[in-house]
Amino acid sequence: MADLGAAPVPADDPLAGRRVLVGVTGGIAAYKAAILVRLLQHAGAQADVILTRGGARFVGAATFEGLTGRAVRQEVWEDIAGESHVALGRRADTVVVYPATAHTLAKLAGGLADDLLSTTLLAATCPLVLAPAMHTEMWEHPATQHNVALLRERGASIVGPDDGPLMAGDAGPGRLVEPEVALDAVRAALVSGSPRLPDDVPAPVGAGPARRRDLLGTRVLITAGGTREPIDPVRYLGNRSSGRMGFALAAAARDRGAEVTLIAGPSELTTPDGVLRYDVTTALEMHTAVLEHLAAADVVIKAAAVADFRPVAPASSKLKKDQGVPTIELTPNPDILAELGAARSGSDPLLVGFAAETDEVEAGGRAKLQRKGADLLVVNDVSGDDAGFEVDTNRVVILDRAGGRVEVPLADKRTVAERVLDRVVAWRAAGPTGPVADAAGTLTEPR
Ligand code: CTP
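I will try to describe carefully the structure that is included in this document.

## Concerning the environment of Lys 302
- Residue position: Lys 302 is located in strand E13 (residues 299-302).
- Since its relative accessible area comes to 5%, Lys 302 is described here as buried.
- Spatially, the C-alpha atom of Lys 302 lies 10.0 Å from that of Ala 374, the residues being 72 residues apart in sequence.

Here's what the structure looks like:
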């Protein structure tokens with residue numbers, strides 16, 4: 001938790017001197033908004049608060065008035081002449097709704113304006129940050145997911161939710177992100193200014209590259225990380241995969257407009273905002289999770305390093321040294337990618353595999369592409385220490401079913417992810433046979 005005592009205002013903080021409007025809606029986590037307000041002030045921003053009726057049932061206006069030294073707005077009817085709903089939105093440099101309930105997201109997606117916060121949100125043209133918080137079932141409901149996708153498409157920045165403890169002893173995705181995370185999202189929205197820009201408008205100078213939305217409406221299922229196969233309650237067979245490549249793909253696909261589901265082996269990495277994440281441990285669990293989500297996927301990217309074998313009979317209690325050296329009998333795990341390749345009908349979904357190779361890298365990759373029935377295979381040479389496992393960079397060759405190859409020289413994993421998605425977009429645009437290679441092996445790029 002941040003130190004909330006008096007702190008010097010850092011003049012170079014992008015929040016310094018900016019006005020941030022904080023909408024607080026009705027969720028148990030509304031109390032955290034008081035901390036966010038404090039953090040905003042410490043960063044030099046002026047925070048104003050709009051409290052909805054639901055929000056006020058969880059935390060009192062007096063708390064925010066004490067923190068900000070200004071009146072907290074609650075009703076449209078409080079200040080008709082001053083047109084609060086327009087004035088507050090116009091004056092703000094950024095609006096953050098923290099927490100944002102499913103109902104608030106639905107109202108905003110539908111353009112409804114029946115209270116001060118929703119009217120203000122409709123009138124505001126500045127960057128908008130939304131921090132959803134609700135029970136897992138509500139978050140995962142297609143209506144909420146649709147609303148979130150729509151809001152993101154319109155340029156809102158969605159932060160969270162986290163996966164963790166919820167109200168009444170429940171746990172799962174739906175937990176409000178911590179105030180520090182929301183603060184970072186507000187800062188990022190202010191700096192880029194891009195969240196409210198339409199997609200075809202280039203971002204302002206200094207705001208980074210304009211976002212491509214060439215995966216808009218595409219449902220992308222990504223696996224990431226390694227699996228762990230239990231030997232006994234404390235030991236497992238695993239591999240060095242960190243999940244970074246898969247998480248980079250998830251964030252990149254999300255930014256290009258895709259609805260992303262991420263099935264992750266054990267990983268310390270933070271879920272990219274707006275990505276629906278399911279955690280698994282073993283290859284069998286990953287197999288089940290992939291099959292469960294397969295029907296709703298247009299593209300499957302298997303970046304996970306799945307353990308090929310598992311102990312036949314994991315010990316139920318810890319193996320002790322004095323019992324002698326154990327012999328661990330292994331059995332093969334299902335090859336998920338090969339199974340998908342064999343079972344799909346026609347060319348759907350588009351299948352992208354990864355291959356970590358150390359010898360005869362490309363020839364091995366080509367054989368694997370064939371064997372697994374994938375459309376694209378991203379081959380990386382993991383024999384060096386600047387590419388592959390546990391590092392932020394990668395160097396790959398993207399092979400495809402039509403015989404083409406695209407080399408991606410050493411680059412950070414986000415850049416590699418973008419190049420892989422370029423191939424996905426090209427392949428989908430070209431239809432079932434994929435892009436055609438000419439005599440020189442150059443692929444025609446339909447974009
Ligand atoms: N894969 C999978 N299920 C497995 C093993 C691998 O879905 N049980 C997928 C990986 O997610 C990756 C691709 O297959 O997309 C290739 O993984 P890799 O480990 O390189 O290939 P293997 O089939 O394990 O071949 P080998 O280890 O013999 O090189």
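Now, onward.
## Remarks on the site of the ligand
- Contacts to the ligand come from 14 residues, most closely from Lys 302, Ala 304, Phe 354, Lys 368 and Lys 372.
- Residue Phe 354 places a main-chain N or O atom 2.9 Å away from an oxygen atom belonging to the ligand.
- Summarising the interface, the protein chains cover 79% of the accessible area of the ligand, which totals 560 Å² for the free molecule.
- One can see that the ligand is located within the largest pocket.
- Within the residue set of the shell around the ligand, elements represented by two or more residues are helix H12 (336-343), strand E16 (350-357) and helix H13 (361-372).
- Top contributing element to the shell around the ligand by residue count: E16, with four residues.
- Classifying every residue of the shell around the ligand by side-chain character gives eight nonpolar, one polar and five charged.

## Some words on helix H6 (residues 116-123)
- Within H6, six of the eight residues are buried, leaving the element largely enclosed by the surrounding structure.
- Restricting attention to buried positions, one finds in H6 the residues Leu 116, Leu 117, Ser 118, Thr 119, Thr 120 and Leu 121.

## Regarding unusual backbone geometry
- Backbone torsion omega between Tyr 98 and Pro 99 reads -5°, so that peptide bond is classified as cis.
- Positionally, Pro 99 belongs in strand E3 (residues 94-100).
- The omega angle of the peptide bond from Gly 160 to Pro 161 is 5°, so this bond is cis rather than trans.
- Its location among the elements puts Pro 161 in the loop between strand E5 (157-158) and strand E6 (162-165).
- A positive phi angle, near 40°, is found at Glu 360, a position not held by glycine.
- Note on placement: Glu 360 falls in the loop between E16 and H13.

## Quick word on empty space enclosed by the protein
- Per the counting criterion, the structure on display carries two cavities of 30 Å³ or more.
- Taken as a whole, the largest cavity encloses approximately 100 Å³ of empty space.
- Lining the largest cavity are 13 residues; nearest its centre among them are Pro 161, Pro 173, Thr 271, Val 275 and Arg 277.
- Going through the elements one at a time, E6 and strand E12 (276-279) are the ones with two or more residues in the lining of the largest cavity.
- Residues of the lining of the largest cavity, tallied by class, amount to six nonpolar, three polar and four charged.

## Let's talk about the sheet that holds E3
- One open sheet holds the five strands; their spatial order is E2-E1-E3-E4-E5, and the pairing between them is parallel. Since the sheet does not close on itself, it has two edges, and those belong to strand E2 (46-51) and E5, each with one partner.
- As defined by bridge partners, strand E1 (residues 19-24) adjoins E2 across six bridges and the pair is classed as parallel. Each bridged residue has a counterpart across the sheet, and for Arg 19 the counterpart in E2 is Gln 46.
- Across the face of the sheet, helix H5 (residues 102-110) comes into contact with E3 and strand E4 (128-132) while running at roughly 145° to E4.

About the thresholds
- Residues numbered from 1 in each chain as written.
- Predicted model: local features only at pLDDT ≥ 70, side-chain atom pairs only at ≥ 80, totals over all residues.
- Heavy atoms only, no water.
- Helix = DSSP H or I, 4+ residues; strand = E, 2+ residues; numbered from the N terminus.
- Buried < 20%, exposed > 50% of the residue type's maximum accessible area, 1.4 Å probe, protein only.
- Near = heavy atom within 4 Å.
- Polar contact = N/O pair within 3.5 Å; in protein donor to acceptor, adjacent residues only side chain to side chain.
- Areas by Shrake-Rupley, 256 points an atom, 1.4 Å probe, with all protein chains shown as cover.
- 1 Å grid on protein atoms, 1.4 Å probe; cavity = no way out; pocket = protein on both sides within 12 Å on 5 of 7 lines; lining within 4 Å.
- Sits in = over half its atoms within 2 Å of the grid points.
- Nonpolar A, V, L, I, M, F, W, Y, C, P; charged D, E, K, R; others polar.
- Points joined across faces, edges and corners; volume = space filled by probe spheres on them.
- Pairing = 2+ DSSP bridges.
- Contact = heavy atoms within 4.5 Å.
- Axes fitted to C-alpha atoms, helices over the stretch in contact; angles between N-to-C directions.

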